[in-house]
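Letter by letter, the chains look like this.
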Amino acid sequence: MEKKTAGKKTLIITSLEGNQSLWLSSVLKKPLDELLFIHSYGSFISQSYGCIIRSIIMAAYYENVEDVYVIGVEGDKQSKIHREDLLLKMEEAGVSGNTLHTLDYIRVVEKDIISWLTGPEDMKEVIKKNIDLIERHPLMPKTINVQGFITAKGANTLKAI
């Protein structure tokens with residue numbers, strides 16, 4: 001059974017920062033029902049075959065998506081995660097250094113586990129990597145337009161990357 005959809009939709013990958021849907025609808029000149037949102041801590045897609053990229057691919061095939069916009073928010077707490085701070089929070093929560101060492105040893109992720117969790121610090125780098133990952137993914141339809149934008153925390157404007 002095929003799902004009926006109204007118009008072409010825009011999929012937006014952005015941070016967990018606040019409710020951006022109303023002003024993005026206005027800026028993009030698209031009604032809310034044509035915008036789909038995927039939220040990721042710091043707007044970061046960390047794995048080529050993880051849950052976020054799966055959601056992007058499935059939305060491309062089943063939600064009539066024609067555009068994917070990766071939007072980073074500069075100045076929010078999600079864009080400024082420091083290794084030392086995260087390690088301290090993990091230690092306070094009871095995660096041992098031995099656990100982190102074991103995860104690094106068995107290569108759970110490409111880099112060390114803390115780098116995977118914190119992600120890149122430069123928001124433009126995050127957006128560019130996300131765009132590349134989406135565009136080059138072998139399961140992603142090549143007809144979909146992928147663009148990157150950056151906004152400042154609290155601003156209602158987008159700057160193309």
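Residues numbered from 1 in each chain as written. Predicted model: local features only at pLDDT ≥ 70, side-chain atom pairs only at ≥ 80, totals over all residues. Heavy atoms only, no water.

### Section: the environment of Ala 160
1) Next: Positionally, Ala 160 belongs in strand β5 (residues 159–160).
2) Next: On the basis of relative accessibility, which here comes to 55%, the residue Ala 160 falls in the exposed class.
3) Next: A sequence separation of 35 residues divides Ala 160 from Glu 125, and the C-alpha atoms of the two residues are 13 Å apart.
4) Next: Ala 160 has contacts with Gly 148 and Phe 149, leaving out every residue within four places of it along the chain. (Helix = DSSP H or I, 4+ residues; strand = E, 2+ residues; numbered from the N terminus. Buried < 20%, exposed > 50% of the residue type's maximum accessible area, 1.4 Å probe, protein only. Contact = heavy atoms within 4.5 Å.)

### What to know about the nonpolar core
1) Next: Residues Leu 11, Ile 56, Val 68, Ile 134 and Met 140 are the most contacted members of the largest nonpolar core, which totals 24 residues.
2) Next: Sorting the residues of this core by element identifies β1 (9–14), β2 (35–39), α2 (51–62), β3 (65–74), α6 (123–136) and β4 (145–152) as the ones contributing at least two each.
3) Next: In terms of residue count, the dominant contributor to this core is α6 (six residues).
4) Next: If sequence neighbours within four positions are ignored, Val 68 has contacts with Leu 11, Ile 13, Ile 134, Met 140, Ile 144, Asn 145, Val 146 and Gln 147.
5) Next: Residues Ile 12, Trp 23, Tyr 69 and Phe 149 belong to the second largest nonpolar core, which totals eight residues. (Core = buried A, V, L, I, M, F, W, Y, C linked by side-chain atoms within 4.5 Å.)

### Examining the sheet that holds β1
1) Next: The strand order across the open sheet built from five strands is β2-β1-β3-β4-β5, with neighbouring strands paired in mixed fashion. Strand pairing shows two members of the sheet lacking a second neighbour, β2 and β5, which therefore form its edges.
2) Next: Of the strands in this sheet, β1, β2, β3 and β4 are in contact with helix α1 (residues 21–28), which crosses β2 at around 130°.
3) Next: Sitting on the sheet, α6 is in contact with β1, β3, β4 and β5, with an inclination near 165° to β4. (Pairing = 2+ DSSP bridges. Axes fitted to C-alpha atoms, helices over the stretch in contact; angles between N-to-C directions.)

### Focus: the packing of aromatic side chains
Where two aromatic rings form a pair, the distance of their centres and the angle of their planes describe that pair.
1) Next: For the structure shown, the criterion picks out one aromatic pair.
2) Next: Arranged with centres 5.2 Å apart and planes meeting at 75°, the rings of Tyr 69 and Phe 149 form a pair that is edge-to-face. On the criterion of sequence distance, the pair formed by Tyr 69 in strand β3 and Phe 149 in strand β4 is long-range, its members being 80 residues apart.
3) Next: Judged by relative accessible area, which is 11%, Tyr 69 ranks as buried. (Phe/Tyr/Trp six-rings, centres within 6.5 Å; stacked < 30°, edge-to-face > 60°.)

### Points about the pairing of β1
1) Next: Among the six residues of β1, six are classified as buried, and the element is accordingly described as predominantly covered.
2) Next: Judged from the five bridges that link them, β1 and β3 form a sheet pairing that is parallel. Across the sheet, residue Lys 9 finds its bridge partner in β3, namely Val 65.
3) Next: As defined by bridge partners, β1 adjoins β2 across five bridges and the pair is classed as parallel. Residue pairing across strands places Ile 13 opposite Ile 38, the latter belonging to β2.

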